[in-house]
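# Coordinate inspection notes
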Amino acid sequence: LRRQVEARLLATAPRQTATQLRAAARKAVAAADPAGAEERHQTARAGRFVSPPCPEPDGMASLLIRLPAEDAAALFTAVDAAARHLHTTGTGTGGGGDDGGDGRTLDQVRADVLAGLGWSALRTGHLGCCHPACGHVDRRLGARRGKPAAVNVTVAHTTLIGADDQP
């Protein structure tokens, strides 16, 4: 199998960039050993996750999400569709036009849509669709230590009274 893959790749390698060659190698290995490719996929699928937020020094944070390709595509497509609708119609953003009427880029609107899903779930106690027709009415948020999910914000007393502007 190794020789098959090597022969297949060497025929076109001189005309490919490193990125193209890596992609071709992945495809050639999968074609030569479909059972192994499926086993690697199932192992990778078992390792799917969403990381806790990683705070950044500028008051932002990052999440890392590792999903099967079809699930990642579904999530992005749904968020992108909602964001494009808001971005072009200005629905709920204070205007219309290509920037949603408020100057946000499409990437910013996508991020806001995804964040809005989280805030909506915390507010309603439901994650995702709550309409009976969608079949997910039982997807209530779980409780931690007997309490519903919540977001807590800690602010220094001196900041609250206006004595300083601590982050």
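Residues numbered from 1 in each chain as written. Predicted model: local features only at pLDDT ≥ 70, side-chain atom pairs only at ≥ 80, totals over all residues. Heavy atoms only, no water.

## Some words on the overall build of the chain
When you go through the chain residue by residue, the secondary structure sums to six helices and six strands. When its helices and strands are written in sequence order, the chain yields α-α-α-β-β-β-β-α-α-β-β-α. Sorting the 167 residues of the chain into buried and exposed places 14% on the buried side. Long-range contacts, defined here as pairs at least 24 residues apart, represent 22% of the contacts in the chain between residues at least 6 apart. Accessible area for the chain stands at about 12900 Å²; split by element, carbon and sulfur atoms hold 59% of it. (Helix = DSSP H or I, 4+ residues; strand = E, 2+ residues; numbered from the N terminus. Buried < 20%, exposed > 50% of the residue type's maximum accessible area, 1.4 Å probe, protein only. Contact = heavy atoms within 4.5 Å. Areas by Shrake-Rupley, 256 points an atom, 1.4 Å probe, with all protein chains shown as cover.)

## Digging into the packing of helix H4 (residues 69–89) against helix H5 (residues 106–124)
The N-to-C vectors of H4 and H5 enclose an angle of 115 degrees; their axes lie 8 Å apart at closest approach. With respect to the hand of their crossing, H4 and H5 are arranged in right-handed fashion. Residues Leu75, Phe76, Val79, Asp80, Ala82, Ala83, Arg84, Leu86 and His87 of H4 lie in contact with H5, whose contacting residues are Leu106, Val109, Arg110, Val113 and Leu114. Counted by class, the contact of H4 with H5 contains ten nonpolar, one polar and three charged residues. (Axes fitted to C-alpha atoms, helices over the stretch in contact; angles between N-to-C directions. Left-handed = near helix turned anticlockwise from the far one by under 90°. Nonpolar A, V, L, I, M, F, W, Y, C, P; charged D, E, K, R; others polar.)

## Section: the environment of Asp58
By secondary structure assignment, the location of Asp58 is in the loop between strand E2 (54–55) and strand E3 (61–62). A polar contact of 3.1 Å, which involves the side chain of Asp58, links it to the backbone nitrogen of Met60. (Polar contact = N/O pair within 3.5 Å; in protein donor to acceptor, adjacent residues only side chain to side chain.)

## Observations concerning the confidence of the model for the chain
For the chain, mean pLDDT is 83; residues scoring 70 or higher make up 78% of the total. Confidence scores differ between elements of the chain, with strand E5 (residues 143–144) showing the lowest mean pLDDT of 57 and strand E4 (residues 65–66) the highest of 96. Every residue in residues 93–99 is under pLDDT 50, and counting partners more than four places away or in other chains gives 17 contacts. (pLDDT = per-residue confidence, 0-100.)

## Digging into the layout of surface pockets
Put simply, the second largest pocket is a space of about 210 Å³. Going through the elements one at a time, H4 and H5 are the ones with two or more residues in the lining of the second largest pocket. (1 Å grid on protein atoms, 1.4 Å probe; cavity = no way out; pocket = protein on both sides within 12 Å on 5 of 7 lines; lining within 4 Å. Points joined across faces, edges and corners; volume = space filled by probe spheres on them.)

## Looking at the nonpolar core
In this structure, Val79, Ala83, Leu106, Val109 and Val113 together form the largest nonpolar core, which totals five residues. When residues of this core are traced back to their parent elements, those giving at least two are H4 and H5. In this structure, Val109 is in contact with Ala83, Leu86, His87 and Arg104, ignoring residues within four places of it in sequence. (Core = buried A, V, L, I, M, F, W, Y, C linked by side-chain atoms within 4.5 Å.)

## Here we look at the pattern of salt bridges
The final tally for this structure, using the stated rule, is five salt bridges. With a closest N to O distance of 2.8 Å, Asp80 and Arg84 form a salt bridge. With Asp80 and Arg84 both in helix H4, this residue pair falls four residues apart, about one helical turn. Asp80 sits in the buried class, given a relative accessible area of 12%. One network of salt bridges, with partners in common, ties together Asp80, Arg84, Asp107 and Arg110. (Salt bridge = Lys/Arg side-chain N within 4 Å of Asp/Glu carboxyl O.)

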